[in-house]
Amino acid sequence: MNRRQDVIDVAVSLLRESGPAVLTSSNVATRLGVTQPAIYRHIRDMDELTTLASEAVVAELTVAMMEALAAPETRWGDGTHLTQFGRRISELIATRMPSFEVLDRWRFDDGELGAGIRVLLALGRDAIAGVLEEQWRRNFEYGEPFDDATQRAQLAHAQLIEDDVIIVSRIIRESTDPEPAGGAARLIGLRIFGGWYAYNHDMTRRCGLPTPTLDDDTLRVPDLSDW
Amino acid sequence: MSPDASPPAGPARRRPRDERRAQAIAQAADLLRHGGPAALTSVAVAERMGVSQSAIYRHIKNIDELATLASKVVVDDLISVLRSILLAPDIEWREDGAMIRMCRSLIDSMIDQAQTFATIDHWQNVDGDLGVGIRNAIESGSGLVAIVLETQYRQVVRHHTAFPTAERAAHDAHARVLFADGFAVARLARSDSGIDRDALADVLRYRIVAGWVTYLLDMNHRLGLKAPRFKFRYDGTDD
C-alpha cells in the first residue's frame, strides 16, 4: 500500500468536501488514524501536500467544467439552451464550491501551485474559446480562417467568461443568503449570455458581418422566468 | 533645498522617527507601484533608504505591516483614479464616443498602473490587515460601479422607488461582477496575450455594454417592468 498516496488522497477529499481552511496536518492525520507527526514520513511539509492536493482538486474541476461545456445539446444563441447551460454551470458551482474556493484562493500564487492552477485555467479558457468559435461559425456559416488579432480577441473573450464563473462562485460562497444574489443560476446564466453577446459583437465587427440584435436566432435573450 | 534649510511652517514638524517611518512607507509604495508585490522586500526598502535591512524594523513592526500601509497608499490612489473616470461629471453615457473614450482611459490606467492591479489580485485573499484592506478597497470599487449602474438605470427606466431586498442583492451582485470583470481585463492588459490596447478597449466596451444589457434585463424582469428596448448610440450599434 502506498502511504504517500493515501495521505494525498485524504488531503484531496478534505479539500473537495470543505475547502482550504480544513486542510491541516491534524485533520489529515485524524482521517488516516495516525499521529500528526507520522504523516511527515510520507510528505515533506504541508506546503507540498497543499500544492499536490490543490492541483488535483482544480484539475478535477477543470475536467467537470469541460464536460459541462461539451454537452452535446448546447446551442448558443438559442435562449433555451443557454438557460440550461446556465443551470448546469450553477449546479457545478453548487456541488463543487470548495474546489472553486481552492482555485480562487491560489490562482495568483507565485509558487508552483499558482503556476499549476494557471496552466489548468488556460486549458479551460482554450476549451471555452473552442466552443465559442464552433457555435459562432455554425450560427453565421462562417468558414474563413481568423487572423491573429481575431484569435487573440477570441481568447480574451473566453478568458473573461471563465473569470465570470469564478467571480460568481465567489459571490455565492461569500453570501449568507439561501438564494444568493437573487439566484445563482440566473446570475451566471445572464453573465454567460452577456459574454456571448460581447463575443458576437466583437466577432461580427471583425469579420465584417452585420451586427446581431437581441431578436436574432444567434443572440436570443434567455427566458428569465425559467431561472 | 534641504528640509532643514528653513524653519517649519504650519503644523509642528514631524519627529525624525516619524519621518523615517513615512519614508519607509513611501519607498514601499513606490516599489509596489513599479514592481508589484514581488518587489516589496525588506532588502529593497532598506537599500532605497540607505540603511541596513535590520534598521528598517526600528520604524516598522514587520514587513506585513509595511505591506498593509504601502498597499493602502497605492490602492487608494487607484480607486481615486477609477472614481474620476467612472463618475466624471461631464460623462454623457448615451453620447456617441463617450463609451469608447471611457474604455480607452480605463485600459490606459490598467497599463499604467498594472502593478497596482496585480497587487490587488495578489493580496486579496491573504489573512490579516493586509487582506482586509485590499478587500475593503475592492468593496468600495464595486460600490462605485453600483452607483453608476443605479443612476443610469433610474434615468433610463424612470424607476424612482427603492429596490426591494432581493432586487438590491441582485443589483449589488451585478456591480461586483462588473468590477471584477475590469480586473480580469486588467490581467489581460498586463499578460503576454499579445492583444493590443485598442483591441482590448473594444473587448472591454463590448463587455460593459453586455453587462449593462444583462443588468437591465434582470432588473426589469424582477421589478415587473417590460423588457427594455435597446437603443445604443454609445455602442456604435443600434439594437
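Residues numbered from 1 in each chain as written. Chains lettered and ligands numbered in written order. Predicted model: local features only at pLDDT ≥ 70, side-chain atom pairs only at ≥ 80, totals over all residues.

**What to know about the overall build of chain A**
- A count of helical and extended segments in chain A gives eight helices and zero strands.
- Secondary structure elements of chain A, listed N to C terminal, follow the sequence α-α-α-α-α-α-α-α.
- Here the C-alpha coordinates of chain A stretch approximately 65 × 40 × 30 Å along the principal axes.
- Counting all 227 residues of chain A, 40% fall into the buried class.
- Of the contacts made within chain A by residues no fewer than 6 positions apart, 70% connect residues no fewer than 24 positions apart. (Helix = DSSP H or I, 4+ residues; strand = E, 2+ residues; numbered from the N terminus. Buried ≥ 20, exposed ≤ 12 C-beta atoms within 10 Å, placed from the backbone. Contact = placed C-beta atoms within 7 Å.)

**Overview of the overall build of chain B**
- The helix and strand inventory of chain B stands at eight helices and zero strands.
- Listing each helix as α and each strand as β along chain B from the N terminus yields α-α-α-α-α-α-α-α.
- Taking all 239 residues of chain B together, the buried fraction comes to 36%.
- Contacts in chain B between residues far apart in sequence, at least 24 positions, make up 67% of those at least 6 positions apart.

**Digging into the environment of glutamate 112 of chain A**
Residues and elements named next belong to chain A.
- In this fold, glutamate 112 is placed in helix α6 (residues 112-140).
- Here glutamate 112 falls in the partly exposed class, since 13 other C-beta atoms lie within 10 Å of it.
- In this structure the C-alpha to C-alpha distance between glutamate 112 and tyrosine 197, which are 85 residues apart in sequence, comes to 36 Å.

**Concerning the interface of chain A and chain B**
- Each partner contributes to the interface: chain A provides 34 residues, whereas chain B provides 34 residues.
- Of all the elements in the fold, those that place two or more residues in the side of chain A that touches chain B are α7 (148-174) and α8 (184-206) of chain A.
- Broken down by element, the residue count for the side of chain A that touches chain B peaks at 13 residues, all from α7 of chain A.
- Partitioned by chemical class, the residues of the side of chain A that touches chain B number 18 nonpolar, eight polar and eight charged. (Nonpolar A, V, L, I, M, F, W, Y, C, P; charged D, E, K, R; others polar.)

**Topic: the packing of α7 of chain A against helix α7 (residues 165-190) of chain B**
- Here α7 of chain A crosses α7 of chain B at 140°, and the two axes come no closer than 9 Å. On the basis of their axis angle, the class for α7 of chain A and α7 of chain B is oblique. Between α7 of chain A and α7 of chain B the crossing geometry is right-handed. Contacts between α7 of chain A and α7 of chain B involve Ala156, Gln159, Leu160, Asp163, Asp164, Ile167, Val168 and Ile171 of chain A on the former and, on the latter, Ala173, Arg176, Val177, Ala180, Asp181, Ala184, Val185 and Leu188 of chain B.
- For the contact of α7 of chain A with α7 of chain B, the class distribution of residues is eleven nonpolar, one polar and four charged. (Axes fitted to C-alpha atoms, helices over the stretch in contact; angles between N-to-C directions. Parallel < 35°, antiparallel > 145°, perpendicular 65-115°, else oblique. Left-handed = near helix turned anticlockwise from the far one by under 90°.)

**So, the nonpolar core**
- Counting residues in each nonpolar core, the largest one holds 117 residues, and the members touching the most others are Ala11 and Val168 of chain A together with Ala28, Ala70, Val185 and Leu200 of chain B.
- Residue contributions to this core peak at 15 residues, all from helix α8 (residues 197-222) of chain B.
- Two domains share this core, each providing at least three of its residues, namely domain 1 (1-43) and domain 2 (54-226) of chain A.
- Beyond its immediate stretch of four places on either side in the chain, valine 185 of chain B contacts Leu160 of chain A together with Met110, Leu200, Val203 and Leu204 of chain B. (Core = buried A, V, L, I, M, F, W, Y, C linked by C-beta atoms within 7 Å. Domains from an automatic or database assignment.)

**Focus on the domain arrangement of chain A**
Residue and element names in this part refer to chain A.
- Under the domain assignment used here, chain A contains domain 1 (1-43) and domain 2 (54-226).
- For domain 1 versus domain 2, the separation of C-alpha centres amounts to 33 Å.
- Domain 1 puts seven residues into the contact, and the matching count from domain 2 is eight residues.
- Per-class residue counts for the side of domain 1 that touches domain 2 are three nonpolar, two polar and two charged.

**As for the packing of α7 of chain A against α8 of chain B**
- The contact between α7 of chain A and α8 of chain B brings their axes to 10 Å, and the two run at 40°. Judged by the inter-axis angle, α7 of chain A sits oblique to α8 of chain B. The chirality of how α7 of chain A crosses α8 of chain B is right-handed. Counting all contacts with α7 of chain A, which are made through Ala149, Arg152, Ala153, Ala156, His157 and Leu160 of chain A, the residues of α8 of chain B involved are Ala199, Leu200, Val203 and Arg207 of chain B.
- Counted by class, the contact of α7 of chain A with α8 of chain B contains seven nonpolar, one polar and two charged residues.

**Points about α8 of chain B**
Residue and element names in this part refer to chain B.
- Here α8 contains 26 residues, and its C-alpha end-to-end distance of 37 Å stays within 8% of the 38 Å for a straight helix at 1.5 Å per residue.
- Within α8, 21 of the 26 residues are buried, which leaves it mostly tucked inside the rest of the structure.
- Looking one or two residues beyond α8, the residue adopting positive phi is glycine 224, at roughly 70°. (Expected span 1.5 Å × (residues − 1).)

**Considering the environment of glycine 211 of chain B**
- Assignment of secondary structure puts glycine 211 of chain B in helix α8.
- Classification of glycine 211 of chain B by C-beta neighbours within 10 Å gives buried; the count is 25.
- Sequence spacing of glycine 211 of chain B and alanine 70 of chain B is 141 residues, and the spatial spacing of their C-alpha atoms is 33 Å.
- Once residues within four sequence positions are removed from consideration, glycine 211 of chain B is found in contact with Gly194 of chain A together with Leu178 and Asp181 of chain B.

**Concerning unusual backbone geometry**
- The phi angle at glutamate 141 of chain A is positive, at roughly 45°, despite the residue not being glycine.
- Take glutamate 141 of chain A: it is sitting in the loop between α6 and α7.
- Accessibility expressed as a C-beta count within 10 Å gives 6 for glutamate 141 of chain A, which makes it exposed.
- Backbone geometry at arginine 158 of chain B places phi at a positive 55°, although glycine is not the residue there.
- Tracing the backbone shows arginine 158 of chain B in the loop between α6 (128-157) and α7.

**Side note on the environment of aspartate 104 of chain A**
Residues and elements named next belong to chain A.
- Within the secondary structure, aspartate 104 sits in helix α5 (residues 97-106).
- Residues aspartate 104 and aspartate 217 lie 113 residues apart in sequence; the distance between their C-alpha atoms is 35 Å.
- If sequence neighbours within four positions are ignored, aspartate 104 has contacts with Ile166, Ser169 and Arg170.

**Quick word on the confidence of the model for chain B**
All names here are of chain B.
- For chain B, per-residue confidence averages 88 on the pLDDT scale, and 87% of positions sit at 70 or higher.
- Mean pLDDT in chain B bottoms out at helix α4 (residues 98-112), which sits at 92, and peaks at helix α2 (residues 42-49), which reaches 96.
- Counting interchain partners and residues more than four positions distant, the pLDDT-below-50 stretch residues 1-5 has zero contacts.
- Taken together, the stretch residues 233-239 has pLDDT below 50 and engages in 19 contacts with residues farther than four places along the chain or on a different chain.
- Confidence estimates for the predicted assembly give a pTM of 0.91 and an ipTM of 0.92. (pLDDT = per-residue confidence, 0-100.)

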